[in-house]
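# A closer look at the structure
Listed here are the chains, written in short residue letters.
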Amino acid sequence: MSLLFTPFAIRNVTLKNRIVMSPMCMYSCYAKDGKVTPFHITHYVSRAVGQVGLIVQEATAVLPEGRISEEDLGIWEEDQLPGLTQLVEEIHRYGAKAGIQLAHAGRKAEVRGTIYAPSAIRFNERYAVPEALTLEGIQKVIDAFRAGAERAKRVGYDVIEIHAAHGYLLNQFLSPLANRREDEYGGSAENRFRLLGEVITAVRDVWQGPLFVRVSADEYHEKGNRVKDWVRFSGWMKEKGVDLIDVSSGGVIPGNEAKPIPLGPGYQVPYAREIREKGEIPTGAVGLITSGRQAEEILEKGEADLIFIARELLRDPYFPRRAALELGESIEAPVQYRRGWNF
């Protein structure tokens, strides 16, 4: 059997295959209340019907001021849980596992009111100038991630992913390009890691299941973090109980300030390989992975343990079937679809 369609066990969860729906913001909470809508049910459950092994829900805010946009999903209050529970139950109905990405946008939040960051430096002219978080504000963020993880546990998610990539709050603290603090949360690599480390510990206090962290392994700037820094950070995360690093890149600074991103098929896979090998921790590869053969080769070469599919799953909710045909595999069809899948 191809590696792409072999199960993957992590802590108390076994995925039926190595195909993961990567978290992608849908900006579809039109009431601006962070609650699940009929669109979210259709969007995610169709990929479960399509036989994706793990579906990781889009960035879900742990605080209202931490939303990327006012149309983001949220998990900061109890009223949001019934819709999330329905979503998870429907994903499970079709044999997929459900993950949630807990997030805080920091200075990249486009919401009304005050936004927050490690330092009072706005992302670019489109964004508001953030307030630098006080120590009390930092503790509020940590508590919010803990509360979000506790709610996620009650909802019934199988996996939690902490969003520490793409220039959002935890990534901002990690990056010398966004963090100019002079206290215990700024300066050295150890200090810049401190908030992420404390968030991981807080989440682990209430969550015993698989824990992923999404990272930006290259900030595309000579003074920013590079993959060698993330190898080091990943070792610290592993010590704190993180099970897998979901390896992306970029987003910390505006595109006009960064080096050109070398876009191409699998362009972020080398980062996943290096973190996996040198950090000695499982990784997920993401970024312009569009075929079953390409995904299989990544796994065969030991470059990653899971394959995170993003835009290709927007184009084709049944990507796993197409990948299976490409690899000469037969996968179980939803009973309602057998007459069309099996021929």
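Please refer to the structure higher up on the page.
Please read these numbers as outputs of a predicted model, since none were measured by experiment.

For the rest of this paragraph, the subject is a nonpolar patch on the surface. Together, I261, L263 and L288 make up an exposed nonpolar region whose accessible area comes to about 280 Å². Along the chain, L288 falls in the loop between strand 11 (283-286) and helix 8 (292-300). The exposure class of L288 is partly exposed, given its relative accessible area of 41%.

Right, let's get into the packing of helix 6 (residues 227-239) against helix 7 (residues 269-279). Interaxial distance between helix 6 and helix 7 falls to 9 Å at its minimum, and their mutual angle equals 50 degrees. In terms of their interaxial angle, helix 6 and helix 7 are classed as oblique. The two elements helix 6 and helix 7 meet at a crossing, and its hand is right-handed. Contact residues: helix 6 offers V227, W230, V231, S234 and K238, while helix 7 offers Y271, E274, I275, K278 and G279. The residue makeup of the contact of helix 6 with helix 7, split by class, is five nonpolar, two polar and three charged.

Let's shift gears to the environment of L81. Residue placement: L81 occurs in helix 2 (residues 81-93). Taking the C-alpha atoms as reference, L81 lies 25 Å from L196; in sequence the two are 115 residues apart. Setting aside its immediate chain neighbours within four residues, L81 contacts I75, R151, R154 and V155.

What follows concerns helix 1 (residues 38-49). The first and last C-alpha atoms of helix 1 sit 16 Å apart over twelve residues, in line with the 16 Å expected at 1.5 Å per residue. For helix 1, the tally of buried residues reaches nine of twelve residues, placing the bulk of the element in the interior. Taken together, the buried positions of helix 1 are H40, I41, H43, Y44, V45, S46, R47, A48 and V49. Next to the buried residues of helix 1 lie strand 3 (19-21), strand 4 (54-61), helix 2, helix 9 (311-315) and helix 11 (338-341). Among the residues trailing helix 1, Q51 stands out with phi positive, at a value near 80 degrees.

What follows concerns the side chain of S2. Mapped onto the elements of the fold, S2 is located in the segment before strand 1 (8-10). For S2, a relative accessible area of 9% gives the class buried. Residues within four places of S2 in sequence aside, it is in contact with E296, L327 and E329.

The next thing to look at is the pairing of strand 11. Side-chain alternation along strand 11 places T283 and A285 on one buried face and G284 and V286 on a second face that is also buried. One ladder, built from three bridges, connects strand 10 (residues 244-248) with strand 11; its direction is parallel. Paired with I245 across the two strands is T283, which belongs to strand 11. Examined bridge by bridge, strand 11 and strand 12 (residues 306-309) share three bridges and lie parallel to one another. Each bridged residue has a counterpart across the sheet, and for V286 the counterpart in strand 12 is F308. The parallel pair strand 11 and strand 12 is bridged by helix 8, and the resulting crossover is right-handed.

Right, let's talk about the packing of helix 5 (residues 189-206) against helix 6 for a bit. Two elements in contact, helix 5 and helix 6, have axes whose closest approach is 11 Å; the angle formed by their N-to-C orientations is 35 degrees. Every pair of crossing elements has a handedness; the one defined by helix 5 and helix 6 is right-handed. Contacts from A189, E190, R192, F193, L196 and I200 in helix 5 reach R232, F233, W236 and M237 in helix 6. Here the residues of the contact of helix 5 with helix 6 sort into seven nonpolar, no polar and three charged.

What follows is about the packing of aromatic side chains. For the structure shown, the criterion picks out nine aromatic pairs. Pairing F123 with Y127 gives two aromatic rings, centres 5.4 Å apart and planes at 90 degrees, and the pair type is edge-to-face. Across this residue pair, the class does not change: F123 and Y127 are buried. Seen from their ring centres, Y318 and Y337 are 6.1 Å apart, and the 75 degrees between their planes marks the pair as edge-to-face. Of the two residues, Y318 is situated in the loop between helix 9 and helix 10 (319-326) and Y337 in the loop between helix 10 and helix 11; the sequence distance between them amounts to 19 residues. Through a chain of ring-to-ring contacts, three or more aromatic side chains come together here, namely F193, W230, F233 and W236. One residue, K108, lies across the ring of F123, its end atom 4.6 Å from the ring centre. The ring centre of Y168 lies 5.0 Å from the NZ or CZ of K108, which sits over that ring.

The next thing to look at is the sheet that holds strand 3. Reading around the barrel, the eight strands line up as 3-4-5-8-9-10-11-12 and close back on themselves, with parallel pairing between neighbours. Within the sheet, the average angular offset between the axes of one strand and its neighbour, ignoring direction, is 25 degrees. Lying on the sheet, helix 1 is in contact with strand 3 and strand 4; it crosses strand 4 at an angle near 155 degrees.

Attention now goes to the pattern of salt bridges. Under the criterion given, the structure shown has 25 salt bridges. Its salt-bridge partner being E332, residue R338 comes within 2.8 Å of it at the nearest N-O pair. Shared partners join several salt bridges into a network, and the residues in it are E78, E150, R151 and R154.

Calculation notes
- Residues numbered from 1 in each chain as written.
- Predicted model: local features only at pLDDT ≥ 70, side-chain atom pairs only at ≥ 80, totals over all residues.
- Heavy atoms only, no water.
- Patch = residues over 30% accessible without salt bridge, like charges linked within 9 Å, V, L, I, M, F, W, Y side chains within 5 Å.
- Areas by Shrake-Rupley, 256 points an atom, 1.4 Å probe, with all protein chains shown as cover.
- Salt bridge = Lys/Arg side-chain N within 4 Å of Asp/Glu carboxyl O.
- Helix = DSSP H or I, 4+ residues; strand = E, 2+ residues; numbered from the N terminus.
- Buried < 20%, exposed > 50% of the residue type's maximum accessible area, 1.4 Å probe, protein only.
- Axes fitted to C-alpha atoms, helices over the stretch in contact; angles between N-to-C directions.
- Parallel < 35°, antiparallel > 145°, perpendicular 65-115°, else oblique.
- Left-handed = near helix turned anticlockwise from the far one by under 90°.
- Contact = heavy atoms within 4.5 Å.
- Nonpolar A, V, L, I, M, F, W, Y, C, P; charged D, E, K, R; others polar.
- Expected span 1.5 Å × (residues − 1).
- Pairing = 2+ DSSP bridges.
- Right-handed = clockwise from strand over helix to strand, strands pointing away.
- Phe/Tyr/Trp six-rings, centres within 6.5 Å; stacked < 30°, edge-to-face > 60°.
- Lys NZ or Arg CZ within 6 Å of the ring centre and 35° of its normal.

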